[in-house]
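Remarks on the overall topology
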Amino acid sequence: MLDIVRLRILAAVAAHGSVTKAAKHLKYSQPAVSHHLARLEAETGARLLQRIGRGIRLTPEGEHLARRAAEIVGRVDTAAAELSAMVGLRTGRVRVAGFQSALAALVPHAAATLRQDHPGIELHLVDAHPQVALNLLRDGQVDAALVFRYDDTTPDDIRTTHLFDDPMYLLSLESGKTLRDHRDSAWIAGCENCRREFVDACERADFTPHVAYTSDDVIVQQALVAAGMGVTTMPGLTLRTHRAPGIEATPLPDLRRRVYLATYGDPPDPPATTAFITALQHAVQQTRPGEPTPPDEAPNRVDQSST
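Residues numbered from 1 in each chain as written. Predicted model: local features only at pLDDT ≥ 70, side-chain atom pairs only at ≥ 80, totals over all residues. Heavy atoms only, no water.

Naming follows an unreviewed UniProt entry, where the chain appears as DNA-binding transcriptional LysR family regulator of Plantactinospora soyae. In its Sequence similarities (unreviewed entry) section, UniProt records this for the chain: "Belongs to the LysR transcriptional regulatory family." (UniProt positions renumbered as here; feature names shortened; annotations may be inferred.)

1. Here we look at the sheet that holds strand S5 (residues 144-149)
Across the sheet, 6 strands lie side by side as S4-S3-S5-S10-S6-S9; this open sheet has mixed pairing. The sheet is open, and its two edges are formed by strand S4 (122-127) and strand S9 (232-235), each paired on a single side. On average, adjacent strands in this sheet sit at an angle of 25° to one another, irrespective of strand direction. In the sheet, strand S6 (residues 159-172) pairs with strand S10 (residues 248-263) via 13 bridges, with the strands oriented antiparallel. When the bridges of S10 are listed, Pro167 appears paired with Arg256. Together, S6 and S9 form the strand contacts of helix H9 (residues 218-226), whose direction differs from that of S9 by roughly 135°. (Pairing = 2+ DSSP bridges. Helix = DSSP H or I, 4+ residues; strand = E, 2+ residues; numbered from the N terminus. Axes fitted to C-alpha atoms, helices over the stretch in contact; angles between N-to-C directions. Contact = heavy atoms within 4.5 Å.)

2. Overview of the packing of aromatic side chains
Scanning all chains against the criterion turns up 4 aromatic pairs. Centre to centre, the rings of Phe99 and Phe148 are 4.9 Å apart; their planes meet at 90°, and the pair counts as edge-to-face. One end of the pair, Phe99, is in the loop between strand S3 (93-98) and helix H5 (100-105); the other, Phe148, is in strand S5, with 49 residues separating them in the sequence. A relative accessible area of 1% places Phe99 in the buried class. What makes Phe148 buried here is its relative accessible area of 12%. Here the aromatic rings of Phe148 and Tyr150 are separated by 5.7 Å at their centres, their planes lie at 85°, and the arrangement is edge-to-face. Of the aromatic side chains, those joined through ring pairs into one cluster are Phe99, Phe148 and Tyr150. Positioned over the ring face of Phe148 is Arg257, at 4.4 Å from the centre of the ring. (Phe/Tyr/Trp six-rings, centres within 6.5 Å; stacked < 30°, edge-to-face > 60°. Buried < 20%, exposed > 50% of the residue type's maximum accessible area, 1.4 Å probe, protein only. Lys NZ or Arg CZ within 6 Å of the ring centre and 35° of its normal.)

3. Some remarks on the UniProt feature "domain: HTH lysR-type" (unreviewed entry) in the chain
The feature "domain: HTH lysR-type" (unreviewed entry), as annotated in UniProt, sits at residues 2-59 in this numbering. Between the C-alpha atoms that bound residues 2-59 the distance is 18 Å, and the span itself is 62% helix and 14% strand.

4. Considering the side chain of Thr273
You can see Thr273 is positioned in helix H11 (residues 271-287). In this view, Thr273 contacts Val94, Asp143 and Thr263; residues no more than four positions away in its chain are not counted.

5. Some words on the packing of helix H1 (residues 4-16) against helix H3 (residues 30-44)
Two numbers describe how H1 lies on H3: the axes approach to 9 Å, and their chain directions differ by 110°. Judged by the angle between their axes, H1 and H3 are roughly perpendicular. H1 and H3 meet at a crossing whose hand is left-handed. For the pair H1 and H3, the contacting residues are Val5, Arg6, Ile9, Leu10 and Val13 in the first and Val33, His36, Leu37, Arg39, Leu40 and Glu43 in the second. (Parallel < 35°, antiparallel > 145°, perpendicular 65-115°, else oblique. Left-handed = near helix turned anticlockwise from the far one by under 90°.)

6. Quick notes on the nonpolar core
If you look at the biggest cluster of nonpolar residues, it comprises 27 residues, and the most contacted ones within it are Leu146, Leu163, Leu261, Phe276 and Leu280. Within the residue set of this core, elements represented by two or more residues are S3, H5, helix H6 (107-117), S5, S6, S10 and H11. With 8 residues, the top contributor of residues to this core is H11. Counting residues in each nonpolar core, the second largest holds 20 residues, with Val13, Val33, Leu40 and Ala70 among its members. (Core = buried A, V, L, I, M, F, W, Y, C linked by side-chain atoms within 4.5 Å.)

7. Looking at a nonpolar patch on the surface
Taken together, the side chains of Ile4, Val5, Tyr28, Ile72 and Val76 present a nonpolar region at the surface, about 350 Å² in accessible area. Elements represented by at least two residues in the nonpolar patch include exactly H1 and helix H4 (60-87). Here Ile72 lies in helix H4. Looking at Ile72, the relative accessible area reads 37%, which means it is partly exposed. (Patch = residues over 30% accessible without salt bridge, like charges linked within 9 Å, V, L, I, M, F, W, Y side chains within 5 Å. Areas by Shrake-Rupley, 256 points an atom, 1.4 Å probe, with all protein chains shown as cover. Salt bridge = Lys/Arg side-chain N within 4 Å of Asp/Glu carboxyl O.)

8. Quick look at H11
The end-to-end C-alpha distance of H11, which contains 17 residues, comes to 24 Å, matching closely the 24 Å that a straight helix rising 1.5 Å per residue would cover. Ala272, Thr273, Ala275, Phe276, Ile277, Ala279, Leu280, Ala283, Val284 and Thr287 are the residues of H11 that are buried. A positive phi of about 45° marks Arg288, the residue just after H11. (Expected span 1.5 Å × (residues − 1).)

9. So, the packing of H6 against H11
Following both chains from N to C, one finds H6 and H11 inclined at 125°, their axes separated by 8 Å at the closest point. By the angle class used here, H6 and H11 are oblique. When you trace H6 past H11, the crossing you get is right-handed. Residues His109, Ala110, Thr113 and Leu114 of H6 lie in contact with H11, whose contacting residues are Ala275, Phe276, Ala279, Leu280, His282, Ala283 and Thr287. For the contact of H6 with H11, a count of residues per class yields 7 nonpolar, 4 polar and no charged. (Nonpolar A, V, L, I, M, F, W, Y, C, P; charged D, E, K, R; others polar.)

Structure representation (structure tokens):
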């Protein structure tokens with residue numbers, strides 16, 4: 001039978017990339033970590049690590065077991081937290097992964113409500129792209145995930161609750177323009193994955209955008225727009241976290257993203273997760289993130305357009 005402590009150590013080594021960093025993270029001595037890894041190799045009969053110069057790397061067998069170990073450890077930690085809450089040992093904890101603009105504009109309101117109503121709940125946040133967040137959820141490393149989709153489909157193995165539709169905006173120096181009005185303009189866009197929906201929207205408007213500048217940083221994108229170097233599109237939730245002076249945001253009625261709260265496994269959710277969900281729904285009602293934000297009310301805060 002595999003030892004959960006040794007699986008936790010292997011998962012930490014895989015996550016941190018070295019025995020030294022894993023030992024520091026787990027608050028173990030380095031010799032203790034090395035001892036447990038050696039014992040795990042003896043128990044499994046597989047070589048899990050190999051030395052590369054002064055460092056180490058996982059073998060294919062080690063990588064496979066490390067992935068499973070992360071999932072197992074996540075599930076064990078979740079079960080422990082659930083049981084602790086049920087028997088009253090402590091209120092519990094909830095681990096949430098989400099994209100940046102949701103963490104910046106929405107989650108702080110939920111966290112404040114959670115702290116007021118359930119001060120004993122520990123809230124842990126992970127900044128993650130939606131696909132990464134869903135993988136963390138499946139692996140048991142988080143209890144809930146805030147994700148977005150540009151279509152109406154959701155994964156079959158995930159429970160999702162639609163929170164709101166996040167409108168998209170055209171950012172330029174002129175208001176009232178459409179995507180097609182800027183078919184000859186220089187465009188500012190994020191990475192290949194981040195720009196896919198924007199490019200599709202432009203092609204539906206019968207043109208292929210000329211992407212002259214690539215950046216995943218909304219401050220850079222908006223600064224380029226303000227300088228007259230191009231135009232871009234951006235979600236409303238992101239505009240709530242940062243809006244540069246001098247730019248115009250024109251709604252794009254046919255382009256929006258749908259924001260979901262995702263959980264995994266059969267209901268009911270653990271008590272701490274349920275408390276967070278309630279606080280988040282209250283935050284959505286209070287902040288009304290699906291509605292446009294007037295320019296003079298938009299905060300000037302940092303966020304990333306990959307969110």
